[in-house]
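# Chain and residue survey
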Amino acid sequence: MTLRLPLSWLADYVDLTVEPLELARRLTVAGAEVSEMLSTGEWDGIVVGFVENVEPHPNADRLVLATVDLGGGDHPKVVCGAPNVRAGQKIAYAGIGASLIDGHTGKPAVLKAARIRGVESQGMICSEKELGLSDEHTGILVLPDDAPIGAPLRSVIGDTILEIEVTANRPDWLSVLGIAREVAALTGQAVRDPSIEYAEGRKAASTLAKVEIADPDLCHRYVGAIIEDVKVEASPQWMQERLLAAGMRPINNIVDITNYVMLEVGQPLHAFDYHRVRGKKIVVRRSVPGEQITLLDGSKHDLAPGMLLICDGDGPTAVAGVMGGGDSEVTGETRTVLLEAANFSGPSIRRTSQALKLRTDASTRFEKGLSRQLPPIAAARAVKLMVELAGGRALQGLIDVYPRKEKEHRIAVTMERLTRVLGIDIATTEVRRILGSLGFGCRWMPPDHFIVRVPYWRTDVAIADDVIEEVARILGYDELPTSLLSGAIPDHVPQPARDLRERVRDLAAGAGMQEIISYSMTDMESLGRVLPAEDLAVSPPLRLANPLSRQHEYARTTLRHALLQALASNVRAAPDRVALFEVARVYIPREDDLPREVETLCGVVSGRAPDRWGAPSGDFAGFFDAKAGMEFVLDGLGVAAEYMEAHDFAYLPGRTAHVCVGGERVGTVGEVHPRVLASFDIDAPAAMFELDIESLLPHVSGATHFQPLSPYPAVEQDIAVIVPADVPAGRLLAIIRSFPLVASARIFDVYTGDPIPPGRKSLAFAVSFQASDRTLQDADVAKQRSRIVERLKREVDAELRG
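The paragraphs below set out a description of the structure included in this document. If you're wondering where the values come from, they're calculated on a predicted model, not measured in any experiment.

What follows concerns the packing of helix 11 (residues 428-437) against helix 12 (residues 464-475). The contact between helix 11 and helix 12 brings their axes to 9 Å, and the two run at 90°. Here helix 11 is positioned roughly perpendicular relative to helix 12, judged by the angle of their axes. For the pair helix 11 and helix 12, contact is made by E430, V431, I434 and L435 and by V467, E470, V471, I474 and L475, respectively. A breakdown of the residues in the contact of helix 11 with helix 12 according to their chemical character gives seven nonpolar, no polar and two charged.

With that settled, the discussion passes to the environment of D146. Relative to the helices and strands, D146 is located in the loop between strand 12 (142-143) and helix 3 (154-157). With 10 residues separating them in the primary sequence, D146 and V156 have C-alpha atoms 9.4 Å apart.

As a further point, take the sheet that holds strand 38 (residues 651-661). Sheet architecture is open: seven strands sit in the order 30-33-34-40-39-38-37, paired in mixed fashion. This sheet does not close on itself; its edge strands, each paired only once, are strand 30 (514-515) and strand 37 (642-645). With seven bridges joining them, strand 34 (residues 593-606) and strand 40 (residues 686-692) adopt antiparallel strand pairing. Looking at strand 40, one finds that V604 is bridged to M688. Set on the sheet, helix 13 (residues 496-510) makes contact with strand 30, strand 33 (578-590) and strand 34; between it and strand 33 the angle comes to about 150°. Lying on the sheet, helix 17 (residues 623-637) is in contact with strand 34, strand 37, strand 38, strand 39 (664-672) and strand 40; it crosses strand 40 at an angle near 30°.

Right, let's talk about the packing of aromatic side chains for a bit. Considering all chains together, one arrives at six aromatic pairs under this definition. Aromatic pair Y456 and W457: ring centres 5.0 Å apart, planes at 85°, arrangement edge-to-face. Ring centres 5.1 Å apart and planes at 85° place the aromatic pair F623 and F624 in the edge-to-face group. We classify F623 as buried; its relative accessible area is 14%. Ring-pair connections join several aromatic residues into one group, and the members of that group are W9, W238 and Y260. A cation sits over an aromatic face here: R181 above W457, 3.7 Å from the ring centre.

Residues in a regular strand project their side chains so that they alternate between the two faces of the sheet. Of the pairings in the sheet, the one linking strand 37 to strand 38 comprises four bridges and is antiparallel in character. From the neighbouring strand, M644 faces strand 38, where its bridge partner is H658. Between strand 37 and the antiparallel strand that follows it, strand 38, lie five residues.

With that out of the way, let us pick up the pairing of strand 39. Here strand 39 lies mainly inside the structure; seven of its nine residues are buried. Pairing between strand 39 and strand 40: five bridges, direction antiparallel. When the bridges of strand 40 are listed, T668 appears paired with E690.

Quick look at the sheet that holds strand 41 (residues 715-724) now. Neighbouring strands of a sheet are bound in pairs by backbone hydrogen bonds; such pairs are parallel or else antiparallel. An order of 42-43-41-44 is seen for the four strands of this open sheet, with the pairing classed as antiparallel. Strands with a single pairing partner mark the edges of an open sheet, and in this sheet they are strand 42 (742-751) and strand 44 (799-800). Sheet analysis places strand 41 next to strand 43 (residues 760-769), joined by 10 bridges and oriented antiparallel. Note that in strand 43 the partner of A720 across the bridge is A764. Sitting on the sheet, helix 20 (residues 729-737) touches strand 41, strand 42 and strand 43, and the angle it makes with strand 42 is about 155°. Contacts between helix 21 (residues 778-796) and the sheet are confined to strand 41, strand 42, strand 43 and strand 44, with strand 41 contributing the most and set at about 15° to the helix.

Here we take up the nonpolar core. Of all hydrophobic cores here, the largest spans 80 residues; its most connected members are L10, L27, I164, I179, I254 and L339. Top contributing element to this core by residue count: helix 4 (residues 176-187), with eight residues. In contact with L339, other than residues within four places in its own chain, are V223, G224, A225, I227, T258, L269, H270, A379, A382, V383 and M386. Of all hydrophobic cores here, the second largest spans 39 residues; its members include I213, C311, M323 and L370.

Conventions adopted
- Residues numbered from 1 in each chain as written.
- Predicted model: local features only at pLDDT ≥ 70, side-chain atom pairs only at ≥ 80, totals over all residues.
- Heavy atoms only, no water.
- Axes fitted to C-alpha atoms, helices over the stretch in contact; angles between N-to-C directions.
- Helix = DSSP H or I, 4+ residues; strand = E, 2+ residues; numbered from the N terminus.
- Parallel < 35°, antiparallel > 145°, perpendicular 65-115°, else oblique.
- Contact = heavy atoms within 4.5 Å.
- Nonpolar A, V, L, I, M, F, W, Y, C, P; charged D, E, K, R; others polar.
- Pairing = 2+ DSSP bridges.
- Phe/Tyr/Trp six-rings, centres within 6.5 Å; stacked < 30°, edge-to-face > 60°.
- Buried < 20%, exposed > 50% of the residue type's maximum accessible area, 1.4 Å probe, protein only.
- Lys NZ or Arg CZ within 6 Å of the ring centre and 35° of its normal.
- Core = buried A, V, L, I, M, F, W, Y, C linked by side-chain atoms within 4.5 Å.

Now the structure itself:
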C-alpha cells in the first residue's frame, strides 16, 4: 500500500532538518521506499487576492463581477460563476498567461483573455480542480485570512508530498506519526506526539452505551467514546487540505476527523450517530446465516457465516474493520456521536474484505496487524478534535472492553549475536542510542546482553534478529563492511536430476517449442477430461485440506490437461503451428504416504507445419510431428528409444505408441483423441508426447564423447524388406544401425497392399555406409549389406524385396 505524506503535516511531529530529496533517500535506504516526490505549488502567475466587492453581471443571472485587490494598486475585475464567492475572501487569482488545469477537460492550459457575456474578464478566481489540488469544481478555493495579499500562491499552500511504498510487515508506516518516528531516528531529532488531552463532562460514557465482545478471538479490544452536542458541518480548511494532499476526499468534520486521525496515528476509527444505534448497545460477533447489511456506499451484501460484525440491539450496523452501515451513519442531523476504535484479527478482516470485494483504507491497515494499545490513544485524539472543531462535549472516560490483555514484549539480544550478524563491533552506547531513537527501551545487562523493550506500535518485532535489523537500518546498510567468507568453500554437490531437467528444458525449447508454466493444483473435472474415470476412482489424486479455490483442489497427476488448456487459448489466435511444452512435477498418489513426485516433460503440437519456404503446409500436425519433437530431446540426451503400439484414454487408437528405453517404458506419444480435444474446445487436430525424466536418468551419460568426422566418402544404398505387419520399424532401424560400417539409417517408405502378401508390409531404408580409416570398396559394402539382410531375416522374419 502507498502512503501519501505531505511534508507540511510531517513537520508537526518532527523537525525536518534535511532537504526533501535527502530525506527521501534516507527513508528509502532504511526500508521505507519513497517511490515518488510530488510538488504542489508550482503555479506560475497565480497569487493571493482579496475580493473587495461582488456585483451582479449585467448580462447573466448566474455570473458575478468580482473586484480583486492584488496589492500594489492592481484591482482587476473577474467574471465568476462560483456560488461561494463573497466579498472579504482571500482567494487564488490567476492572471492572463497563468498555467493551470482546465476545469472542463482536466488538462493543463494557459489562461487567455476572454469576454464572457459581453464583459471582459481580467483573470480567474480558481477552484481546487483548476489548481490541481482535487476534483472539486463547484466552488472557488477560499484561502486562510492570514494569507498575504499579492504573495505567490506557492508560498501559502505549496507543499511536497512523498509517496511511500509500505511493506506488509510495517503497518506503523501507514501513518504520519509512524514516518515521523522513522525520520526522528534517521536525523537525530525528537518526536512530538499529538495532544490527546481534552475536557470531560461529569456524566460517564459507560452510562449511555454498553459494549459486548462475543468473539474475543476476532475482536481483541473495543474502545468507545461519546461526544454530545456536536455540530456537523464542513471541516476547517487546513484539515481539508491535508486530507486532499493525502489522497482522501473531505466529507464533514466528524468523518474527516476519523480519517485524519487514522492517517495521523494509523488506527482506523468509525463514528456512529448515537441516536440511531438501536438499544444503545454494541455487540461484536460473528455473522449468522441469512444476515444482510447495506453499507455506507449504498451497496447491499449477503453476509457469509463467520464474518465479524458490529451489531446494535437489532442486528448488524457495520462490517467490522471494513465499512460502516448506512443505518447509523453520521448526517447533518447528528448531535451525539458514538466513536469506535477497536482492534480486530488481521486474517479475519482480510477474508471478509476479499469475500465482499471491498478493500478500504481501514481493512488494509487492520489486515496487517495493528497494536492493541492504539485504540484508546486514537479515540482520545479524535475526541479532542471533535471537541475543538465540532463544538462537542466529551462524556467522562472511555468505554474500554479488553478481554485478553497483552503483556509488554521484551527480547534478550546478546552482543555475540549482534556482532556476528552485523559483521562489526559496535559500542553498547551506540546500540542503546539507536534503539532509543526508535522508541525501544534498551538496558545493558553485563557482561554480554541487552534487554530490549519493544514499543507498542512495533508489532513486527518478535525475535533478537528483528532488533538487530533495526540497528542495521539506522546505522545504514552502506556503513556495514564487506568481508570475505571465512572458512572453506563447501564442495559442489552434484544434482544430476536437476541438471537433467534443465537439459531437457533447453532441448525442448531448441526443438522450436514454447514453454508454459501451469499451476500444480487442479480440479477433478480437468483431470477427468484426460484420464479414465476408473483410474481416478481407484487411485484418486491427493486433495488439499484447505484449497484456495475449487479450481485448485487436487494435486495434478499429469500435465496433459494443462498443455491442452494452454493450446486452446493459443490456437485461436495462431493461424499456423503451435508447439508448447512444460517441464514440471506431477504427484502420483501412494497409499498411506505422501505422493511420489515425478519430473515430467509434456509437449503438444497443433496447426499446419511450415514448408521449406516458411509458409503453412497443407498438412496438420500429427503423430510424426510430436515424435520429431520428442526425438530431438532424446537425441540431445544421447538416448535411443524404441516404440511399441499402445492404447491410451487420451490418444487416438492406431496412432499411439509407448516410448521405451532399455526395455523400460518411459513415455507416450500419439495423436490426441478428437473426443478429448472437443472437451477443451479445440477444433484442429493435435499430437502430444510425455516423458518421465527420472526414468531417463540411468540412460543419460554425463559425459559427451567427441567422434571425429571421417575424411572418406560415404556410400548411400537403399534396403527394402518385407516383414510381418506387427514388427515395428524401430526394431529394424536398431539392427541396421548396430553394424560398424553404418554411419546412419532412416526409413523413407512404408507400403502395404499388392503385391505385398496379406499380414505383411514393406519397409524401405536409406543406409549410409562409411569407414573412418579408408575409402570403402564395393565388396566392403556388399558384404556389410548381406550381413544386414541375413540378420533381419533371422531376427524379424524379413525378406529382401526385389
